[in-house]
Amino acid sequence: MIKNYIFDLDGTIVNSSAEVLICFKKAFERANYQIDESRLTHNVIGPPLKQILQLISPDLKDEEKLNEIIGHFRDIYDNNENDVSIMYSGMYSYLEYLKKSECKVFMATFKPMIPTMRIVRMLDIERFFDDIYTIDKFGTRITKEEMIKDILDIWELNPQETVMIGDAPTDMTAAKANNVKAVGVLWGYGTDKKPLEYEADTVVKNVEELKQCLK
């Protein structure tokens, strides 16, 4: 029986693709760097920032310029008061249901703390989580595998009663490295779902399927 739930954020709970792409476009503009805007699609979203920039502009090799664009993006995204991110259908009520069921609920995201907390407060979902793990939670970058391990250790959770829910293959491999059930959601970012399906213990098409498979 699953008692502990660890959720990814982007592409799992929240569809922030439109907002993120707007902020990337503004960051490149602020850095006076021309890009092929056809590359600004939701397919690039998910990896850490530097990897996303390399997907958007594969010819950009200058570390100084990369860091400049990352700095602009963080400034724009962290302080945006008009975020257009939305929750996926059924996710709010599912998180509310889990909390009322007295399950332990966590978040493990590659987003930094500032934009993560801005989004969860904007969407009024902070109260549903027992703890929120971001890539910079402890001051240095941590992997998804390390996040899950720390959650299990600190909260003294049984891995056999725990599930990781995410839209990326890395979510699934991090779960398996910690002997945690890995459930992939097919509504997340990217069009090629084969890597996710290969790594996941099971995949679901919508929140109702997710709820049913974890009863």
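Residues numbered from 1 in each chain as written. Predicted model: local features only at pLDDT ≥ 70, side-chain atom pairs only at ≥ 80, totals over all residues. Heavy atoms only, no water.

**Q** I'm lost on the nonpolar core in this one. Help?
**A** The biggest cluster of nonpolar side chains holds 55 residues, and the ones touching the most others in it are Tyr-5, Phe-7 and Ile-13. Sequence-distant contacts of Ile-13, that is, excluding residues within four places in its chain, are made with Phe-7, Asp-8, Ile-86, Met-87, Tyr-88, Met-91, Leu-95, Met-107, Ile-125 and Phe-129. In terms of nonpolar packing, the next biggest core, distinct from the first, is built from 19 residues, Ile-148, Ala-175, Leu-196 and Ala-200 among them. (Core = buried A, V, L, I, M, F, W, Y, C linked by side-chain atoms within 4.5 Å. Buried < 20%, exposed > 50% of the residue type's maximum accessible area, 1.4 Å probe, protein only. Contact = heavy atoms within 4.5 Å.)

**Q** Would you mind going over the side chain of His-72 with me for this structure?
**A** Its location among the elements puts His-72 in helix H3 (residues 63-78). Filtering out sequence-adjacent residues up to four positions away, His-72 remains in contact with Ala-27, Arg-30 and Ala-31. (Helix = DSSP H or I, 4+ residues; strand = E, 2+ residues; numbered from the N terminus.)

**Q** What should I look at first to understand the packing of aromatic side chains in this one?
**A** The description of an aromatic ring pair rests on the distance of the ring centres and on the angle between the ring planes. Counted under the stated rule, the structure contains 11 aromatic pairs. Residues Phe-24 and Phe-73 carry aromatic rings whose centres are separated by 4.2 Å and whose planes lie at 20 degrees to one another, so their mutual orientation is stacked. Taken as a pair, Phe-24 in helix H1 (residues 17-30) and Phe-73 in helix H3 lie far apart in primary sequence, 49 residues in all. Arranged with centres 5.3 Å apart and planes meeting at 20 degrees, the rings of Phe-73 and Tyr-77 form a pair that is stacked. Separated by four residues within a single helix, Phe-73 and Tyr-77 lie in helix H3, roughly one turn from each other. (Phe/Tyr/Trp six-rings, centres within 6.5 Å; stacked < 30°, edge-to-face > 60°.)

**Q** Just to check I follow, could you spell out the pairing of strand E7 (residues 181-185) for this structure?
**A** A regular strand places its side chains so that they alternate between the two faces of the sheet. Of all five residues that make up E7, four are buried, and the element is covered over most of its length. Summarising the sheet, strand E6 (residues 162-166) and E7 pair through four bridges and their orientation is parallel. Among the inter-strand pairings, Ile-165 is bridged to a residue of E7, identified as Val-183. Crossover handedness for the path E6 to helix H7 (residues 169-177) to E7: right-handed. Relative to strand E8 (residues 202-204), E7 is paired through three bridges, and the arrangement is parallel. If you follow Gly-184 over to E8, its bridge partner there is Val-203. With helix H8 (residues 194-199) bridging E7 and its parallel neighbour E8, the resulting β-α-β unit is right-handed. (Pairing = 2+ DSSP bridges. Right-handed = clockwise from strand over helix to strand, strands pointing away.)

**Q** Please explain the pattern of salt bridges as it appears in this structure.
**A** Side chains that carry opposite charge are capable of pairing whenever their charged atoms lie near each other. The tally for this structure, following the rule as stated, stands at 16 salt bridges. For the salt bridge of Lys-144 with Asp-8, the shortest nitrogen-to-oxygen distance reads 3.4 Å. Here Lys-144 is found in helix H6 (residues 144-154), whereas its partner Asp-8 is found in the loop between strand E1 (4-7) and strand E2 (14-15), with 136 residues between them in sequence. On the basis of relative accessibility, which here comes to 3%, the residue Lys-144 falls in the buried class. (Salt bridge = Lys/Arg side-chain N within 4 Å of Asp/Glu carboxyl O.)

**Q** Explain the packing of H1 against H3 here, please?
**A** Following both chains from N to C, one finds H1 and H3 inclined at 130 degrees, their axes separated by 8 Å at the closest point. Judged by the inter-axis angle, H1 sits oblique to H3. Between H1 and H3 the crossing geometry is right-handed. Each of Glu-19, Val-20, Cys-23, Phe-24, Lys-26, Ala-27, Phe-28 and Arg-30 in H1 lies in contact with H3, whose residues at this interface are Ile-69, His-72, Phe-73, Asp-75, Ile-76 and Tyr-77. Tallied by class, residues from the contact of H1 with H3 come to nine nonpolar, one polar and four charged. (Axes fitted to C-alpha atoms, helices over the stretch in contact; angles between N-to-C directions. Parallel < 35°, antiparallel > 145°, perpendicular 65-115°, else oblique. Left-handed = near helix turned anticlockwise from the far one by under 90°. Nonpolar A, V, L, I, M, F, W, Y, C, P; charged D, E, K, R; others polar.)

**Q** I would appreciate a short explanation of the sheet that holds E7 in the present structure.
**A** Strand pairs in the sheet, formed through backbone hydrogen bonds, run parallel or antiparallel to each other. Taken in spatial order, the six strands line up as E5-E4-E1-E6-E7-E8 in an open sheet, and their pairing is parallel. This sheet does not close on itself; its edge strands, each paired only once, are strand E5 (131-133) and E8. Taking the axes of each pair of neighbouring strands and ignoring which way they run, one obtains an average angle of 25 degrees across the sheet. Contacting E1 and strand E4 (104-108), helix H4 (residues 91-100) runs over the sheet at an angle of about 150 degrees to E1. This element, H6, spans E1, E4, E5 and E6 of the sheet and lies at about 155 degrees to E5.

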